[in-house]
Amino acid sequence: MSRLPHRGTLLLALLLLLATVSTTPVTARNAISTPVSQRIALMSAQKAAMEVLTGMTTGRTGFDRRKARNARRQLIRSTAAIPRRFRKQHLDPASHARPTIWPSWQDFKIRATRAEKAARALNTRSLTGLRRTLPTLMQSCLSCHQTYRETPNRFITH
């Protein structure tokens, strides 16, 4: 009976280790080219802002109007910068951008504009407002990633 919790703990530790090793995030430091490192930094900033907001909407953290407003501002800035950061195609092993972005530039820009509009429409005045408006932004991010990201995240948070 005393061995069962020990086995369970070891199994859990092993699973966590495997999950960590297999999902090591790509960071801006992994990029060879400056433009790709800037793209990665941009998407990482968006992810961090989305984590703040999703934490509030799921109840993992308490609603904080000031933090929600700051995350919204970050998302507005970063979504507005998407076309500028992706304007030119750069080959880099750290990039997850599909080459179809550039022949489909108009569609890509439309999706970026939708994301920016959704970021501007975020209601950060209340938890109810945030819960009502955040899914639109999440869907715009997911739509673009499914179309233009080489290895889409299984659990998108931005």
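Residues numbered from 1 in each chain as written. Predicted model: local features only at pLDDT ≥ 70, side-chain atom pairs only at ≥ 80, totals over all residues. Heavy atoms only, no water.

Details of the pattern of salt bridges
Scanning the model with the defined rule gives two salt bridges in all. Of the charged contacts in the structure, one is a salt bridge between D107 and R111, with a shortest N-O distance of 2.8 Å. With D107 and R111 both in helix α4 (residues 105-120), this residue pair falls four residues apart, about one helical turn. Given a relative accessible area of 16%, R111 falls into the buried group. With a shortest N-O distance of 3.1 Å, E116 and R120 are connected by a salt bridge. Pair noted here: E116 and R120 are both in helix α4, with a separation of four residues, about one helical turn. (Salt bridge = Lys/Arg side-chain N within 4 Å of Asp/Glu carboxyl O. Helix = DSSP H or I, 4+ residues; strand = E, 2+ residues; numbered from the N terminus. Buried < 20%, exposed > 50% of the residue type's maximum accessible area, 1.4 Å probe, protein only.)

Here's the deal with the packing of helix α2 (residues 34-58) against helix α3 (residues 65-86)
Interhelical geometry of α2 versus α3 gives an angle of 150° and a closest axis separation of 9 Å. Our classification of the angle between α2 and α3 gives roughly antiparallel. Judged by the twist between their axes, the crossing of α2 over α3 is left-handed. In this structure, α2 contributes Q38, R39, L42, M43, A45, Q46, A49, M50, V52, L53 and M56 to the contact, and α3 contributes K67, A68, A71, Q74, L75, S78, T79, A81, I82, R85 and F86. Here the residues of the contact of α2 with α3 sort into 14 nonpolar, five polar and three charged. (Axes fitted to C-alpha atoms, helices over the stretch in contact; angles between N-to-C directions. Parallel < 35°, antiparallel > 145°, perpendicular 65-115°, else oblique. Left-handed = near helix turned anticlockwise from the far one by under 90°. Contact = heavy atoms within 4.5 Å. Nonpolar A, V, L, I, M, F, W, Y, C, P; charged D, E, K, R; others polar.)

These values are about where atoms sit, not about what they do.
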